[in-house]
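# Close look at the chain arrangement
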Amino acid sequence: MASEADDCIIVGAGPAGLTAAIYLARYYLKIRLFDCGTSRASWIPTSHNHAGFPEGVNGNELLERMREQAGKYGAAIEPKRATDLKKVGECFIVTCGEEEYRARTVLLATGVVNNRPEGIDAQLHDEALARGLLRYCPVCDGYEVTDKRVAVIGTGAHGTAEAQFVRTYTRDVTLISPDGDHDLSEVCSAQLAQAGIRRVAGPCGGFAIENGQLALDTADERMAFDSVYPALGSVVRSGLAAKIGAKLTDEDSVIVDDHMETGIPGLFAAGDVVAGLDQISNAMGQAGVASTTIRNHLAREKPLRR
């Protein structure tokens, strides 16, 4: 275990974690950031809704710029996965494998993982994602499918809502059930009919890139689309928060106050692990609030002076 406690340990190196690292390092605090290399932002081929990049920015490029900026101010970024979190007295202990690190405060920016369609292998998934044939965030990139042929894989209220959102951009929307017939209420069925959204039964499989489109088998026919949106939910990576006893929502998001602090003093969370709009801009804003609160929290204990 390290002899001297860090002022803050940040777990997660996506837009939230890296923004916090930049802020906290510029507050002259001793910080450490653990990066397991699985930020969802790395999936983005080109983001066109991130302010300041009128021609768009690749997700990995954005993360690399942020890592470089955090490192410029002295943030220690380590390629490790945090596996446990506890609090002993006033000190947090973060475990990475067999190593333990101590900190006065902790910021969880661990994000979420999207559920992928079954039957699509990793190589095809990544290629389709890079080519814009597979997309996960219509808020981020619905504009890019304007007037294109689009499928949403999903059903129920969630699938219906996503299909309606995509309908903002194109008339050609098909909602495909991931497994068997659709599970739709009368309200959902009426909404889909009113919007002119076609419904197709699953299961879906046999994914392949064909003639520049993503093709897949459905219950009755093989279909191809310019883009496919899986609306299959996601897994919130709030396991560390749960281990230490922080409160979670019914959907496993970490509950925080207006300053991004959990019910455990000194433990903060920001980004997609917190319930809200899963957007880079939102994650960065939350990180700014959290890191400034952390700075003020620590300054009350011991004045921060040059």
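Please read all numbers here as calculations on a predicted model, not as lab measurements. (Residues numbered from 1 in each chain as written. Predicted model: local features only at pLDDT ≥ 70, side-chain atom pairs only at ≥ 80, totals over all residues. Heavy atoms only, no water.)

Our focus in this paragraph is unusual backbone geometry. Following Gly202, the chain continues into Pro203 via a peptide bond in cis, with omega recorded as 5 degrees. Looking at where Pro203 falls in the secondary structure, it is placed in the loop between strand S10 (198-200) and strand S11 (205-210). The backbone phi angle of Asp252 is positive, close to 75 degrees, even though this residue is not glycine. Within the secondary structure, Asp252 sits in the loop between helix H7 (239-244) and strand S16 (267-269). (Helix = DSSP H or I, 4+ residues; strand = E, 2+ residues; numbered from the N terminus.)

Following the criterion strictly, the structure yields one disulfide and no others. Disulfide pairing places Cys137 opposite Cys140 at an S-S distance of 2.3 Å. The sign of the 75 degrees torsion about the S-S bond sets the Cys137-Cys140 disulfide as right-handed. For Cys137, a relative accessible area of 17% gives the class buried. (Disulfide = S-S within 2.5 Å. Buried < 20%, exposed > 50% of the residue type's maximum accessible area, 1.4 Å probe, protein only.)

A complete count under the given rule lists 18 salt bridges for this structure. Here Arg131 and Glu127 are joined by a salt bridge, their closest N and O atoms 3.1 Å apart. Of the residues examined, Arg131 reaches a relative accessible area of 46% and is grouped as partly exposed. Glu127 sits in the partly exposed class, given a relative accessible area of 38%. (Salt bridge = Lys/Arg side-chain N within 4 Å of Asp/Glu carboxyl O.)

Of all six residues that make up strand S1 (residues 6-11), six are buried, and the element is covered over most of its length. The pairing of S1 with strand S2 (residues 31-34) spans four bridges and is classified as parallel. Residue pairing in the sheet places Ile9 in a bridge with Arg32 of S2. With respect to chirality, the unit in which S1 leads through helix H1 (residues 15-26) into the neighbouring parallel S2 is right-handed. (Pairing = 2+ DSSP bridges. Right-handed = clockwise from strand over helix to strand, strands pointing away.)

Turning next to the sheet that holds strand S13 (residues 222-225). An order of S11-S12-S13 is seen for the three strands of this open sheet, with the pairing classed as antiparallel. With one partner strand each, in any of the chains shown, S11 and S13 form the two edges of the open sheet. Sheet twist, expressed as the mean angle between neighbouring strand axes with direction ignored, is 25 degrees. Of the strand pairs in this sheet, S11 and strand S12 (residues 213-217) are connected by four bridges, and their pairing is antiparallel. Opposite Ile209, over in S12, you have Leu214 as the bridge partner. (Axes fitted to C-alpha atoms, helices over the stretch in contact; angles between N-to-C directions.)

For helix H6 (residues 186-195), the full list of buried residues reads Cys188, Leu192 and Ala195. Projected onto a plane normal to the axis of H6, the buried residues spread over an arc of 70 degrees and lie on a single side. Among the exposed residues of H6, those oriented more than 90 degrees off its buried face are Glu186, Val187, Ala193 and Gln194. Looking at the buried side of H6, the elements it contacts are helix H5 (156-166), strand S9 (173-176) and S10. Phi for Gly196, located one or two positions after H6, is positive at around 75 degrees. (Arc of directions from axis to C-beta. Contact = heavy atoms within 4.5 Å.)

The subject of this paragraph is the side chain of Thr95. Here Thr95 shows up in strand S5 (residues 91-96). The buried category is assigned to Thr95, whose relative accessible area is 10%. Residues within four places of Thr95 in sequence aside, it is in contact with Arg81, Ala82, Thr83, Asp84 and Glu100.

A few words now on the packing of H5 against H6. Following both chains from N to C, one finds H5 and H6 inclined at 20 degrees, their axes separated by 10 Å at the closest point. Taken as axis vectors, H5 and H6 run roughly parallel relative to one another. When you trace H5 past H6, the crossing you get is left-handed. For the pair H5 and H6, the contacting residues are Gly156, Ala157, Thr160, Ala163 and Gln164 in the first and Cys188, Gln191 and Leu192 in the second. Here the residues of the contact of H5 with H6 sort into four nonpolar, four polar and no charged. (Parallel < 35°, antiparallel > 145°, perpendicular 65-115°, else oblique. Left-handed = near helix turned anticlockwise from the far one by under 90°. Nonpolar A, V, L, I, M, F, W, Y, C, P; charged D, E, K, R; others polar.)

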